[in-house]
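Listed here are the chains, written in short residue letters.
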Amino acid sequence: MKLYSKSTGSGPPLVLIHGGMGSVNHWDRNVGALARHYTVHTFDMPGYGESPWIPKNLPAEDFYALVLEGLNDIVPSGTFRLAGFSLGGAVAAVCAARLGARVLKLSVMGPGGFGGVQPDLGMKKIPPESAGEAVMRDVLAHNLRAMMIADPAKVTGEAVDLHLANV
C-alpha cells in the first residue's frame, strides 16, 4: 500500500507520524523550523488523510505492518529519526522497536492508541453530519481543549478547521 507522504528540507531524515483523526497537516506549524536541519517526511497513516482506506476493524498488527511498509518506502535505507504524537506516538514506538538500529532517535509525545485503559478526558462524541457544522465545530473545539491543546486561547478557528478537515 502506497501511503501519501510529503518531504521537505535537507539534512538527516526525520519522519513525523500524526495522531488519530489526523493527517500530515498536524505537523504544518513544525515542518518549516525542522526542515532547516532535517529532511522532514510526513505521511498519512493508512486510512487517514490522502492515504488509502482501510477497514476500521483491521487488526493492530496489520496496521503496524502497513505503517512499517510506508516507512521503508519513505526512507528505504539507512538510519532516520522518528517522532509521533498521540496515536502516532504509540505507532512510532512499535515501529521503532521493530526497525531496531534503523531508528537513530525516537521522540513520542502523549502516546496513546490501540487498547488499554483510557483516561476519561471529558471528550464529546463526534456528532452525525446531520447535526450541522456549528455543532460539529463546537464539539471539535471542546475535544481539542480536552485532549490536544493545553492553552484554550490556542484553540483558534484555524485549529478547528484543520481538525474538521481530518474528521
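In this report, we go over the structure that sits alongside the text. (Residues numbered from 1 in each chain as written. Predicted model: local features only at pLDDT ≥ 70, side-chain atom pairs only at ≥ 80, totals over all residues. Heavy atoms only, no water.)

## Focus: the overall build of the protein
So, point 1. The helix and strand inventory of the protein stands at 5 helices and 5 strands.
So, point 2. Across the protein, helices and strands are ordered from the amino to the carboxyl terminus as β-β-α-β-α-β-α-β-α-α.
So, point 3. For the protein, whose C-alpha radius of gyration is 16 Å, the value lies close to the compact-globule estimate of 15 Å for 167 residues.
So, point 4. Across its three principal directions, the C-alpha atoms of the protein cover 50 × 35 × 30 Å.
So, point 5. Evaluated residue by residue, the protein yields a buried proportion of 38% over its 167 residues.
So, point 6. For the protein, the share of sequence-separated contacts (at least 6 apart) that also reach a separation of at least 24 residues comes to 66%.
So, point 7. Accessible surface computed for the protein: about 9,100 Å², of which carbon and sulfur atoms make up 56%. (Helix = DSSP H or I, 4+ residues; strand = E, 2+ residues; numbered from the N terminus. Rg over C-alpha atoms; globule rule 2.2 N^0.38 Å. Buried < 20%, exposed > 50% of the residue type's maximum accessible area, 1.4 Å probe, protein only. Contact = heavy atoms within 4.5 Å. Areas by Shrake-Rupley, 256 points an atom, 1.4 Å probe, with all protein chains shown as cover.)

## Some words on the environment of K124
So, point 1. Residue position: K124 is located in the loop between β5 (103-109) and α4 (133-148).
So, point 2. Distance from K124 to N143, taken between C-alpha atoms, is 6.4 Å for residues 19 residues apart in sequence.
So, point 3. With residues up to four places along the chain from it excluded, the contact list for K124 reads V139, H142 and N143.

## Some words on the pattern of salt bridges
So, point 1. Overall, the coordinates contain 4 salt bridges when judged by the stated rule.
So, point 2. For E61, the salt bridge identified is with R98, shortest N-O distance 2.9 Å. Residue E61 is found in helix α2 (residues 60-74), and its partner R98 is found in helix α3 (residues 87-99); the two are separated by 37 residues along the sequence.
So, point 3. Residue classification places E61 among the partly exposed positions, given a relative accessible area of 46%.
So, point 4. Between E133 and R137 there is a salt bridge, with the nearest N and O atoms lying 4.0 Å from each other. Note that E133 and R137 are positioned in helix α4 at a spacing of 4 residues, about one turn of the helix.
So, point 5. According to the relative accessible area criterion, R137 is partly exposed, its value standing at 22%.
So, point 6. Ionic contacts of the salt-bridge type, sharing partners, join the residues E133, R137 and D161 into one network. (Salt bridge = Lys/Arg side-chain N within 4 Å of Asp/Glu carboxyl O.)

## Observations regarding the packing of α4 against helix α5 (residues 157-166)
Two numbers describe a pair of packed helices, the interaxial angle and the distance between the axes.
So, point 1. In contact at an axis separation of 9 Å, α4 and α5 are set at 105 degrees when each is read in the N-to-C sense. Between α4 and α5, the crossing angle belongs to the class labelled roughly perpendicular. Contacts between α4 and α5 involve E133, M136, R137, L140, A141 and L144 from the former and G157, A159, V160, D161, H163 and L164 from the latter. (Axes fitted to C-alpha atoms, helices over the stretch in contact; angles between N-to-C directions. Parallel < 35°, antiparallel > 145°, perpendicular 65-115°, else oblique.)

## Side note on the pairing of strand β2 (residues 13-17)
So, point 1. Burial runs high along β2: 4 of the 5 residues are buried.
So, point 2. Pairing between β2 and strand β3 (residues 39-43): 5 bridges, direction parallel. From the neighbouring strand, P13 faces β3, where its bridge partner is T39.
So, point 3. Handedness of the β-α-β unit built from β2, helix α1 (residues 28-35) and β3 comes out right-handed.
So, point 4. Across 4 bridges, the pairing between β2 and strand β4 (residues 80-85) is parallel. Note that in β4 the partner of V15 across the bridge is L82. (Pairing = 2+ DSSP bridges. Right-handed = clockwise from strand over helix to strand, strands pointing away.)

## Observations regarding the side chain of S23
So, point 1. Structurally, S23 is set in the loop between β2 and α1.
So, point 2. Since its relative accessible area comes to 6%, S23 is described here as buried.
So, point 3. Residues within four places of S23 in sequence aside, it is in contact with H18, D44, G49 and N166.

Just geometry here; none of it tells us what the structure is for.
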